[in-house]
Amino acid sequence: MKDQYRPQDIESAAQARWTKQRAFAASEDANKPKYYCLSMLPYPSGKLHMGHVRNYTIGDVITRQMRMRGFNVLQPMGWDAFGLPAENAAMQNNVPPAKWTYENIAYMREQLKALGFAIDWERELATCQPDYYKWNQWFFLRMREQGIAYKKTGVVNWDPVDQTVLANEQVIDGRGWRTGAEVEKREMPMYYLNITRYADELLNALDGLDGWPERVKTMQANWIGKSEGAEIHFPCHSFGGDSAIKVFTTRADTLMGATYVAVAAEHPLALKVAANNSGVAKFIEECRKGGTTEAAIATQEKRGMPLGIEAEHPLTGERLPVWVANYVLMNYGEGAVMAVPAHDERDFAFANKYELPIKQVVACENYNDTEWRDEYSDKQRLLVNSGKYDGLGFEAGTDAIAADLEAKGLGKKRVNFRLRDWGISRQRFWGCPIPLIHCEACGEVAVPDEQLPVTLPEDLVPDGSGNPLNKCAEFLNVKCPQCGGDAKRETDTMDTFVDSSWYFLRYTSSDNHSAMVDARADYWMPVDQYIGGIEHAILHLLYSRFWTKVMRDLDLLQADEPFRNLLTQGMVLNHIFFRKESAGRIEYVPPGDVDVEYDKGEIVSAKRKSDGAPVEYDGIGTMSKSKLNGVDPQGMVEQYGADATRLFMMFAAPPEQTLEWSDTGIEGAWRFLKKVWQFAVDNCALMGDAKPFDWSKASDDVRAARRDIHEALKQANADYERKQFNTVVSAAMKILNALPKQATPDEAALVSEGCSILLRLLAPITPHIAQQLWSDLGFGDDIIDAAWPEHDDAALKSNVIELVVQVNGKLRGRVSVPSAADREAIEAAAMNDANVQRFVEGRTVRKVIVVPGKLVNVVVA
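Definitions and limits used
Residues numbered from 1 in each chain as written. Predicted model: local features only at pLDDT ≥ 70, side-chain atom pairs only at ≥ 80, totals over all residues. Heavy atoms only, no water. Helix = DSSP H or I, 4+ residues; strand = E, 2+ residues; numbered from the N terminus. Buried < 20%, exposed > 50% of the residue type's maximum accessible area, 1.4 Å probe, protein only. Contact = heavy atoms within 4.5 Å. Areas by Shrake-Rupley, 256 points an atom, 1.4 Å probe, with all protein chains shown as cover. Lys, Arg positive; Asp, Glu negative; His and termini not counted. Charge placed at Lys NZ, Arg CZ, Asp CG, Glu CD. Core = buried A, V, L, I, M, F, W, Y, C linked by side-chain atoms within 4.5 Å. Phe/Tyr/Trp six-rings, centres within 6.5 Å; stacked < 30°, edge-to-face > 60°. Lys NZ or Arg CZ within 6 Å of the ring centre and 35° of its normal. Salt bridge = Lys/Arg side-chain N within 4 Å of Asp/Glu carboxyl O. Pairing = 2+ DSSP bridges. Axes fitted to C-alpha atoms, helices over the stretch in contact; angles between N-to-C directions. Parallel < 35°, antiparallel > 145°, perpendicular 65-115°, else oblique. Left-handed = near helix turned anticlockwise from the far one by under 90°. Nonpolar A, V, L, I, M, F, W, Y, C, P; charged D, E, K, R; others polar. Expected span 1.5 Å × (residues − 1). Arc of directions from axis to C-beta.

A. Spotlight on the overall build of the chain. Counting its regular elements, the chain contains 27 helices and 35 strands. In the chain, which comprises 861 residues, the proportion classed as buried is 52%. A sequence separation of at least 24 residues applies to 70% of the contacts in the chain between residues at least 6 apart. Here the chain displays about 37900 Å² of accessible surface, and carbon together with sulfur accounts for 47% of that area. Side-chain charges in the chain split into 97 positive and 120 negative, and the spacing between the mean points of these groups amounts to 2 Å.

What follows is the structure, given as structure tokens:
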């Protein structure tokens, strides 16, 4: 073997060997337990960052270890390749998004391969490839047939710069998250998926996801937002006819305290009034530019306008004014609220601002209608000022009022969900085409299955003036499949969450060109371990669960849930440095171009290396391209090797915690691997001569060292089970320290066994050096096919045990005795201990209590 540790040589050799052997190509094997390990689908942005490296290293460590434990493993890889970033990059560089995307995929694929991940590249997919998104389209049509996919007109967030719909989460302070443009509210036809049909099942099934973090399950439950309450109708006789304003409330018991009705700016009633009232129309336009999330609405100033119409209280017949208010959400309930200002904080603030009546109907001491107290909304209090309902509690009051409403045909008890149906239409080019055709004679027509996929032109370059598909006659103009007349294709494309909602299923059947999935999906699903960031805790995971359940219901799949276990890894952090230019613009400076000065561990000054001018320090933050504080893994691999990079990522922190990047940390990882290599070089000949050994004949020193090794192995196996890989690395370091550095022939068996254990423990984390040394030291051909090491209980038994010695129950010393020592020998050792003698001297020993294997207690008078 080579004397020097040269990572680049051994890593390229190991990778070439794995490729030649198709070492990670997975196939179904009924004779082995299966294990499907998957990291979340990456976006091909151009280069990997250390967050990617950490994510995929965690998955690779799990995959490799499970393989060595005898499991049939699958770890695939693909690319979440559609989306707006590719369009923006295409406009900046004047190239088609397809070219930019495929070039990035090629570069990032080589980066992943250089890190030695045990990926089945034969299953690789990209969501922008027609043979993938064909099945998006096919399944959309199946959902349309079942009424799960449908079209309706709704109010959406419109980014006038990107010219596309934004989700509520993509609107920040009323502006588009990417462009910063003021978001507009627009009413337009959209295609939706009826995820609310599955709301109850999605919520209830969370209880069975024992392998998911509790906080993720809580986030999903809150997003689904099941509320039990009542639907109440407030008759409204405006506009020359009878109608009713419907509201949903969880506090029907307070109905007798309603003093006005408030509707959202997008409510049909408000829009009707606005058609002939310029003041209301202006107010609605202002609301459309405000925040759209619940958090934004909760903190903004409560504003409104009277619509000049009245609604009728369903039980008393009292006339209540109707207002349009900016704190009412159109996408919750019915887009209207019965305002009970005495017992709802938002209504309270609104009523005080606009001098609207406040009527107390829940018992509270010293009620003050100008100063809100949380006790006003307490459900534990009894009703007052509510006529025949006085004295009833929350549940009884709700039941009684709901029964009376139902008898009058003006309401009933109802369950409501915060979850809204999933709008998948996007007015942009680089996405999966929606497979529908619009014909003047036939209406909306599905593209026949035999004509799928509807292929996206890959040579178009967006110019920012809207969806280029609308201008592409070759794509747009088509014959109607029903009548043969001239027709036009749908030019909206699907939300990219569609692509990532089932990719894990396609991996199982990626070479099947005639079906979305086949029986192999039932073999591999569910994913045994899914790994990704907490930022995907809601939408991606929720949509994936929904998609899986729909496939199950359409008899395409047996699995109910896609992911058995979920690990949300922490972010990778690095220092952030910047300068403010004279115009106020912030210029970020890469940490590698900064010299810093420390005082007591704190950065007190920093200068840019390239020009010596000072820069400002902005603390530690998540690595990002925008702040230039990312670390290129390519440079780390070239300088220290893939194994050192992987080792540092696993050693620096447990997977769920954030990890602070450290140049000294990766240097330390590299030095440890050099020590492992040097140990192998120094003892290579000795290990080659090792023979089967009777450990009972070993010296005390050898048995003690072997005990240390097996104790570390036992702990490492427990840590692998808990996925605490940082302490696995610590155990490996303990094993190396326990091995004699310059072993003698008498220690050959110890060195051979210990090194064999060490290499196998490290193989999932640092596979290249483990493979090379495993082969060079004669342990076998391929370490990935070696059996996983288990500790030897016999090795953990010591010939000598340490006992605590107490005097009158207080710790006074410790003694070491042979493990086979009898009671008399133990007593003698305890009484002869110098420290114990100090506390016994001159006193009468009444008795000596020996607890075998634990302690001795000397009782003195």
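The discussion continues.
B. The arrangement of the nonpolar core in detail. Core analysis: the largest hydrophobic core is formed by 176 residues, its most contacted members being Phe 140 and Trp 547. Per-element accounting of this core gives the leading share, 10 residues, to helix α20 (residues 663-688). Beyond its immediate chain neighbours, meaning those up to four positions away, Phe 140 contacts Ala 149, Tyr 191, Leu 193, Ile 424, Ile 434, Pro 435, Leu 436 and Met 494. Core analysis: the second largest hydrophobic core is formed by 37 residues, Leu 255, Val 261, Cys 287 and Leu 383 among them.

C. Representation of the packing of aromatic side chains within the structure. In this structure the tally under the stated criterion is 40 aromatic pairs. Each ring, one from Trp 422 and one from Tyr 543, has its centre 3.7 Å from the other, and the planes form 0°; the classification is stacked. Of this pair, Trp 422 sits in strand β17 (residues 422-423) while Tyr 543 sits in helix α17 (residues 539-553), placing them 121 residues apart in sequence. Across this residue pair, the class does not change: Trp 422 and Tyr 543 are buried. Look at Trp 422 and Trp 547: their rings are 6.4 Å apart centre to centre, the planes differ by 65°, and that puts the pair in the edge-to-face class. Here Trp 422, found in strand β17, pairs with Trp 547, found in helix α17; they are 125 residues apart in sequence, far enough to count as distant. By the burial criterion, Trp 422 is buried, and Trp 547 matches it. Chaining the aromatic ring pairs together yields one cluster made of Phe 139, Tyr 198, Trp 422, Phe 497, Tyr 543, Phe 546 and Trp 547. Sitting over the ring of Trp 18, Arg 64 keeps its end group 4.6 Å from the ring centre. Stacked on the ring of Tyr 192, the Lys or Arg Lys 152 has its end atom at 4.9 Å from the ring centre.

D. Summary view of the pattern of salt bridges. Evaluation of the coordinates by the stated rule reveals 50 salt bridges. Between Lys 2 and Asp 9 there is a salt bridge, with its nearest N and O atoms 3.9 Å apart. With its nearest N and O atoms 2.6 Å apart, the salt bridge here joins Glu 103 to Lys 99. Of this pair, Glu 103 and Lys 99 both sit in helix α4 (residues 97-114), four residues apart, which is roughly one turn of that helix.

E. Main features of the sheet that holds strand β35 (residues 855-860). Read from one edge to the other, the open sheet built from four strands follows the order β33-β32-β35-β34, with strand pairing classed as mixed. The open sheet has two free edges, formed respectively by β33 (810-818) and β34 (845-851), since each of these has just one partner strand. When the angles between neighbouring strand axes are averaged without regard to direction, this sheet yields 20°. Sheet topology places strand β32 (residues 800-807) next to β35; four bridges connect them, and they run parallel. Counterpart to Val 807 in the pairing with β35 is Val 858. Sitting on the sheet, helix α26 (residues 823-832) touches β32, β33, β34 and β35, and the angle it makes with β34 is about 120°.

F. Layout of the packing of helix α22 (residues 725-738) against helix α23 (residues 748-762). Contact geometry for α22 and α23: axes closest at 10 Å, N-to-C directions at 160°. Comparing the axis directions of α22 and α23 gives the class roughly antiparallel. Taken as a pair, α22 and α23 cross one another with a handedness that is left-handed. Listed contacts from α23 to Val 728, Ala 732, Ile 735 and Leu 736 of α22 are Gly 754, Ile 757, Leu 758, Leu 761 and Leu 762. When its residues are assigned to classes, the contact of α22 with α23 shows eight nonpolar, one polar and no charged.

G. The arrangement of α23 in detail. Taking 1.5 Å as the rise per residue, α23 with 15 residues should run 21 Å; its terminal C-alpha atoms sit 21 Å apart, in good agreement. In terms of residue burial, α23 counts as a mostly covered element, since 14 of its 15 residues are buried.

H. Focus on the side chain of Lys 723. Along the chain, Lys 723 turns up in the loop between α21 (700-722) and α22. For Lys 723, which is buried and forms no salt bridge, the nearest opposite charge comes from Glu 721, at a distance of 6.1 Å.

I. Up close: helix α7 (residues 214-224). Turning to α7, its buried residues number three or more, namely Val 216, Lys 217, Gln 220, Trp 223 and Ile 224. Down the axis of α7, the sector holding all buried residues measures 125°, keeping them to one side. Within α7, the exposed residues directed more than 90 degrees away from the buried face are Glu 214 and Asn 222. Among the structural elements, α6 (199-204), β10 (226-236), β16 (411-417), α17 and β25 (566-568) are those in contact with the buried residues of α7. Taken from the residues just after α7, Gly 225 is the one with a positive phi, measuring 60°.

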